[in-house]
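Residue strings, one per chain:
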Amino acid sequence: MTGYDSLLLDHDGVLVNVLGSDIRVPAFQQKFEATVEPDGFDQPTREQITPLANSITHDEVHSLGDQLGIDPEQLWQYRDDCMADVLTEAVHAGEKIAFDDTTAIANLDHPVGVASNNQTRFVEFVLDHYEMTDYVETVHAREPHLSSLERKKPEPVFLEAAKADLGVDNPLYVGDKETDIIAGQRAGMDTAFLRRDHNRDATLSTQPTHEVSGLDEVAALLSESAAVQ
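In this text the structure is predicted, and so the values were computed from the model without any measurement.

Definitions and cut-offs
Residues numbered from 1 in each chain as written. Predicted model: local features only at pLDDT ≥ 70, side-chain atom pairs only at ≥ 80, totals over all residues. Heavy atoms only, no water. Helix = DSSP H or I, 4+ residues; strand = E, 2+ residues; numbered from the N terminus. Buried < 20%, exposed > 50% of the residue type's maximum accessible area, 1.4 Å probe, protein only. Contact = heavy atoms within 4.5 Å. Areas by Shrake-Rupley, 256 points an atom, 1.4 Å probe, with all protein chains shown as cover. Lys, Arg positive; Asp, Glu negative; His and termini not counted. Charge placed at Lys NZ, Arg CZ, Asp CG, Glu CD. Salt bridge = Lys/Arg side-chain N within 4 Å of Asp/Glu carboxyl O. Core = buried A, V, L, I, M, F, W, Y, C linked by side-chain atoms within 4.5 Å. 1 Å grid on protein atoms, 1.4 Å probe; cavity = no way out; pocket = protein on both sides within 12 Å on 5 of 7 lines; lining within 4 Å. Points joined across faces, edges and corners; volume = space filled by probe spheres on them. Nonpolar A, V, L, I, M, F, W, Y, C, P; charged D, E, K, R; others polar. Arc of directions from axis to C-beta. Phe/Tyr/Trp six-rings, centres within 6.5 Å; stacked < 30°, edge-to-face > 60°.

Draft legend 1. View of the overall build of the protein. Secondary structure assignment for the protein yields eight helices and six strands. Starting at the N terminus and ending at the C terminus, the protein contains elements arranged as β-α-α-α-α-β-α-β-α-β-α-β-β-α. Burial status across the protein gives 51% buried among its 229 residues. If you take every contact in the protein between residues at least 6 apart in sequence, the share linking residues at least 24 apart comes to 70%. Summed over its atoms, the accessible surface of the protein is roughly 10,400 Å², and 44% of this surface lies on carbon and sulfur atoms. Treating the 16 positive side-chain charges of the protein as one cloud and the 43 negative ones as another, the clouds have centres 3 Å apart.

Draft legend 2. Local environment of the pattern of salt bridges. Tallying each qualifying case throughout the model produces 13 salt bridges. Across the salt bridge formed by Asp12 and Lys96, the nearest N and O atoms sit 2.8 Å from each other. With Asp12 in the loop between strand 1 (6–9) and helix 1 (21–36) and Lys96 in the loop between helix 4 (72–92) and strand 2 (112–119), the pair connects residues that are 84 residues apart, well separated along the chain. Of the charged contacts in the structure, one is a salt bridge between Arg142 and Asp80, with a shortest N-O distance of 3.0 Å. Here Asp80 lies in helix 4 and Arg142 lies in strand 3 (residues 136–142), a separation of 62 residues in the sequence. It is possible to trace a salt-bridge network through shared partners that takes in Asp10, Lys153, Asp176, Lys177 and Asp180.

Draft legend 3. Highlighting the nonpolar core. Counting 54 residues, the largest nonpolar core has Leu7, Leu9, Leu15, Phe28, Phe32, Leu172 and Val174 as the members making the most contacts within it. With nine residues, the single largest contributor to this core is helix 4. Val174 has contacts with Leu7, Leu8, Leu9, Asp10, Val14, Ala192, Leu194 and Val218, leaving out every residue within four places of it along the chain. Listed in part, the 11 residues of the second largest apolar core include Phe158, Val168, Ala183 and Met189.

Draft legend 4. Fine view of the layout of surface pockets. Estimated volume of the largest pocket: approximately 820 Å³. Lining the largest pocket are 32 residues, and of these Asn54, Ser55, Asn117, Lys152 and Lys177 lie nearest its centre. Within the residue set of the lining of the largest pocket, elements represented by two or more residues are helix 4, strand 2 and helix 7 (178–186). For the lining of the largest pocket, the per-class residue count stands at nine nonpolar, 10 polar and 13 charged.

Draft legend 5. Structural context of the environment of Thr138. Here Thr138 lies in strand 3. The spacing of Thr138 and Val36 is 102 residues in sequence and 34 Å in space, taken between C-alpha atoms. Leave out the neighbours within four places in its chain, and Thr138 touches Val112, Gly113, Val114, Ala162, Asp165 and Leu166.

Draft legend 6. Fine view of helix 7. For helix 7, the set of buried residues is Asp180, Ile181, Ala183 and Gly184. The arc that holds the buried residues of helix 7, viewed along the axis, is 165°, so those residues lie on one side. The elements touched by buried residues of helix 7 are helix 6 (157–166), strand 4 (171–175) and strand 5 (190–194). Looking at the residues trailing helix 7, positive phi occurs at Gly188, about 75°.

Draft legend 7. Structural context of the packing of aromatic side chains. Across all of its chains, the model carries three aromatic pairs by this definition. Seen from their ring centres, Phe122 and Phe125 are 6.2 Å apart, and the 35° between their planes marks the pair as tilted. Separated by three residues within a single helix, Phe122 and Phe125 lie in helix 5 (residues 120–129), roughly one turn from each other. When its relative accessible area of 22% is taken as the criterion, Phe125 is described as partly exposed. Ring pairs connect the aromatic residues Phe28, Phe32 and Tyr78, which therefore count as one cluster.

The following block contains the structure:
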């Protein structure tokens, strides 16, 4: 087994649960509509607003901006501000919570970083709220600008930046989506696919280095790799 000198983690689905679309989409729609109406823009339909509450591409944002008569950059600013509010309120309401097994990585003898497609401000809020800042040394995620969509995983940008921040050579990257695994491979890192309830039956078209069912197994992998160095 490779001797890992550090640990990089995705955020949603790894450290905290994924907020269900049944909660996220209606909450986002309500907040978005309350945001754009005072600024004089037409109310979007449910079909138009749902992609903004999920994963959407740079080109799709431009198309939706044209439909709504909103500058795409302004539209994305609205989107990220509203989503940050929705997710933050979900944390306070006990709907978006840290997984119990995060305690398994609290006392590792390895530096730990986070590389996420979520917004930096929200990831940092979560880490502070759930008292993970003592052992997570760096965070690389999106800023609330449209250009940030081009940096999302499966691009390796956030992983490479986190690795550089930690000053390490051989991290293990843990994620819950295929895009995480692809990003790790593009960054030249070993990967662990973490299966939880929300992705238990996911089928991957690319092979991770490891498959695990909890962060306790990740901690064990790091300990085993240290023992064979």
